[in-house]
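Chain residues, written in single-letter form:
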Amino acid sequence: MKIAILPGDGIGPEIVEQAVKVLNALGESFELETAPVGGAGYEASGHPLPEATLKLALEADAILFGAVGDWKYDTLDRPLRPEQAILGLRKNLKLFANLRPAIMYPELAGASTLKPEVVSGLDILIIRELTGDIYFGQPRGVRECPDGPFKGEREGFDTMRYAESEIRRIAHVAFQAAQKRDKRLTSVDKANVLETFQFWRDIVTEVHKEYPDVALDHMYVDNAAMQLVRAPKKFDVIVTGNMFGDILSDQASMLTGSIGMLPSASLDANNKGLYEPSHGSAPDIAGKGVANPLATIMSAAMMLRYSLNKAEQADRIENAVKKVLAQGLRTPDIYEAGTTKVGTGEMGQAVLQALS
Ligand code: NAD
């Protein structure tokens, strides 16, 4: 199996190096091939997503991505900025399903802004549809208001829409992910107000017939936002559209209080995926050897589970991460008094040792 390794910019290369060490230690015969992306791609060949990098990503069975971006590229024309590489990869690889787990290890419960008893042991998965909804619907723009009380004024407008097949394919991803977990799925919508989301609800209910082992419930997005801070542990898997998912997944990630701990996956219809930490390239700490590599290491674990069908190896990595946290090892972003502060390389090495 071929894995494309795209370290990117800032802390990307440092944290990806640790995840690669872990992948190499699993005893599998993966073929890993590295290519520049983002600012590094621009420096290498004048484009954030060089042709050779895209070709590698298309050929590979899965992609491990670090992070892209640096303030020094802020003056470039928008199509040449590092962040365009992510959009290009999502589009070319048709990555329509974004999976973001929010896991709170009991050892880190003090890092959240919520009470430890509300978040300790939290383990939820948010699945966001990534390529449809009001973010991509046409027509959109600014025009002269054609009717109603504001007729003749300028108005901004967007189009919310979901095709049936778009809803079906994300629903399948969500039900299948729930089957691998606690078999509970909450579909979040706004069916009481929006036609698009009444349709969403109807289709998700239909797809449910194929997954009788999964318990499905529906929740309005305003209630879901409330429940996520009131009793987040009630959820197992949440599936929702692009806009609601954008907001709820950031809200859920902050329940854990530590951006350096959160992996993510973006999948296509065949479970090929791009795996990356939820955080950015952190130029403020790049090169200092203090970045937390655990989100990237756990992204590699997600890659094994969802794209490479190696669930036991994914479990091995996740258990190793739990073990190093239980040993009290902490990078500065998750450090608390009474624990042991370590750097990026030491944390990677500790996970490697805990693997065995
Ligand atoms: P950021 O996530 O890079 O950093 C936010 C804060 O979190 C910083 O203080 C940083 O030091 C800290 N942080 C992030 N990851 C950490 C880690 N693993 N360990 C310890 N601390 C960590 O967000 P930002 O500062 O808004 O953006 C920086 C750059 O990253 C920008 O160029 C932005 O466009 C880019 N970005 C890229 C991605 C991506 O590649 N997917 C996502 C978000 C932002």
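Everything numeric in this text was worked out from a predicted model, so none of it was measured.

## Here we look at the overall build of the chain
Thinking step 1. Summing up its helical and strand segments, the chain has 12 helices and 14 strands in all.
Thinking step 2. Whereas a compact globule of 356 residues would reach a radius of gyration of roughly 21 Å, the chain reaches 21 Å, a difference of no more than 12%.
Thinking step 3. With the C-alpha coordinates aligned to their principal axes, the bounding extent of the chain is approximately 65 × 50 × 40 Å.
Thinking step 4. Contacts in the chain between residues at least 24 apart in sequence constitute 75% of all its contacts with a sequence separation of at least 6.

## Focus: the sheet that holds strand β2 (residues 31-34)
Thinking step 1. The strand order across the open sheet formed by 10 strands is β2-β1-β3-β12-β11-β4-β5-β10-β8-β9, and the pairing between neighbours is mixed. At either end of the open sheet lies a strand with only one pairing partner, and these are β2 and β9 (215-220). Each adjacent strand pair in this sheet contributes to an overall mean axis angle of 20°, direction not counted.
Thinking step 2. Strand direction decides the pairing type here: strand β8 (residues 184-189) and strand β10 (residues 237-240), joined by 3 bridges, are parallel. Of the residues in β10, the one forming a bridge with Ser187 is Val239.
Thinking step 3. Strands in contact with helix α9 (residues 242-255) are β4 (97-103), β5 (123-129), β8 and β10; relative to β5, the strand with the most contacts, it is inclined by about 155°.

## Quick look at the site of the ligand
Thinking step 1. With respect to spatial proximity, 21 residues lie near the ligand, and among them Val68, Glu83, Gly280, Ala282 and Asp284 are the closest.
Thinking step 2. Against a free-state accessible area of 810 Å², the protein chains account for coverage of 68% of the ligand.
Thinking step 3. Of the residues contributing to the shell around the ligand, the split by class is 10 nonpolar, 6 polar and 5 charged.

## Description of the nonpolar core
Thinking step 1. One finds Leu23, Leu99, Ile127, Phe175, Leu185, Tyr275 and Leu294 to be the most contacted residues of the largest nonpolar core, which totals 87 residues.
Thinking step 2. Per-element accounting of this core gives the leading share, 9 residues, to helix α10 (residues 294-306).
Thinking step 3. Here this core gathers at least three residues from each of two domains, domain 1 (1-96 + 268-356) and domain 2 (98-134 + 162-259).
Thinking step 4. Listed in part, the 18 residues of the second largest apolar core include Ala35, Leu56, Phe65 and Val68.

## A look at the packing of aromatic side chains
Thinking step 1. A full pass over the atoms with the stated rule returns 6 aromatic pairs.
Thinking step 2. When the centroid spacing of 6.2 Å and the interplanar angle of 85° are considered together, the rings of Tyr162 and Phe197 count as edge-to-face. Taken as a pair, Tyr162 in the loop between β7 (154-157) and α6 (164-179) and Phe197 in helix α7 (residues 195-208) lie far apart in primary sequence, 35 residues in all. For the pair shown, Tyr162 and Phe197 are each scored as buried.
Thinking step 3. A ring pair is formed by Phe197 and Trp200, whose centres lie 5.4 Å apart and whose planes are at 40°; its orientation type is tilted. One end of the pair is Phe197 and the other is Trp200, both in helix α7 and 3 residues apart, which spans about a single turn.
Thinking step 4. With a relative accessible area of 0%, Trp200 lands in the buried category.
Thinking step 5. Following the ring pairs from residue to residue traces out a cluster consisting of Tyr162, Phe197, Trp200 and Phe244.
Thinking step 6. Over the ring of Phe157 we find Arg143, and its NZ or CZ is 3.7 Å from the ring centre.
Thinking step 7. Over the face of the ring belonging to Phe96 we find Arg169, whose NZ or CZ atom lies 4.1 Å from the ring centre.

## Considering the side chain of Thr339
Thinking step 1. Position of Thr339 among the secondary structure elements: in the loop between β13 (329-330) and β14 (340-341).
Thinking step 2. Here Glu336 takes part through its backbone oxygen, which lies 2.5 Å from a polar atom of the side chain of Thr339.
Thinking step 3. For Thr339, the residues in contact, after removing those within four places along its chain, are Gly328 and Arg330.

## Observations regarding the domain arrangement of the chain
Thinking step 1. The domain boundaries assigned to the chain delineate domain 1 (1-96 + 268-356) and domain 2 (98-134 + 162-259).
Thinking step 2. Its C-alpha centre places domain 1 at a distance of 24 Å from the equivalent point of domain 2.
Thinking step 3. Contact residues are listed per partner, giving 17 residues for domain 1 and 19 residues for domain 2.
Thinking step 4. Here domain 1 packs against domain 2, burying approximately 1700 Å² in sum over the two surfaces, 67% of which is carbon and sulfur.
Thinking step 5. Here domain 1 is connected to domain 2 by 0 salt bridges.
Thinking step 6. Put simply, domain 1 and domain 2 have 1 residue pair in polar contact (both at pLDDT 80 or more) between them.
Thinking step 7. Elements with a minimum of two residues in the side of domain 1 that touches domain 2: α10 and α11 (311-326).
Thinking step 8. If you tally residues by element for the side of domain 1 that touches domain 2, the top one is α10, at 5 residues.
Thinking step 9. Tallied by class, the residues present in the side of domain 1 that touches domain 2 amount to 10 nonpolar, 2 polar and 5 charged.

## Quick word on the packing of α11 against helix α12 (residues 344-355)
Thinking step 1. Where α11 meets α12, the axes come as close as 8 Å, and the angle between the chain directions of the two elements is 120°. Between α11 and α12 the crossing geometry is right-handed. Here Arg316, Ile317, Ala320, Val321, Lys323 and Val324 of α11 lie close against α12, whose contacting residues are Met347, Ala350, Val351, Ala354 and Leu355.
Thinking step 2. In terms of residue class, the contact of α11 with α12 is built from 9 nonpolar, no polar and 2 charged.

## A few points about helix α8 (residues 221-230)
Thinking step 1. Residues Val221, Ala224, Gln227 and Leu228 constitute the buried set of α8. For α8, the angular spread of the buried residues around the axis is 115°, confining them to a single face. Set apart from the buried face of α8 by more than 90 degrees, the exposed residues are Met226 and Arg230.
Thinking step 2. Looking at the buried positions of α8, the neighbouring elements they touch are β5, β8, β9, β10 and α9.

Rules used throughout
- Residues numbered from 1 in each chain as written.
- Predicted model: local features only at pLDDT ≥ 70, side-chain atom pairs only at ≥ 80, totals over all residues.
- Heavy atoms only, no water.
- Helix = DSSP H or I, 4+ residues; strand = E, 2+ residues; numbered from the N terminus.
- Rg over C-alpha atoms; globule rule 2.2 N^0.38 Å.
- Contact = heavy atoms within 4.5 Å.
- Pairing = 2+ DSSP bridges.
- Axes fitted to C-alpha atoms, helices over the stretch in contact; angles between N-to-C directions.
- Near = heavy atom within 4 Å.
- Areas by Shrake-Rupley, 256 points an atom, 1.4 Å probe, with all protein chains shown as cover.
- Nonpolar A, V, L, I, M, F, W, Y, C, P; charged D, E, K, R; others polar.
- Core = buried A, V, L, I, M, F, W, Y, C linked by side-chain atoms within 4.5 Å.
- Buried < 20%, exposed > 50% of the residue type's maximum accessible area, 1.4 Å probe, protein only.
- Domains from an automatic or database assignment.
- Phe/Tyr/Trp six-rings, centres within 6.5 Å; stacked < 30°, edge-to-face > 60°.
- Lys NZ or Arg CZ within 6 Å of the ring centre and 35° of its normal.
- Polar contact = N/O pair within 3.5 Å; in protein donor to acceptor, adjacent residues only side chain to side chain.
- Buried area = accessible area lost by both parts, 1.4 Å probe.
- Salt bridge = Lys/Arg side-chain N within 4 Å of Asp/Glu carboxyl O.
- Left-handed = near helix turned anticlockwise from the far one by under 90°.
- Arc of directions from axis to C-beta.

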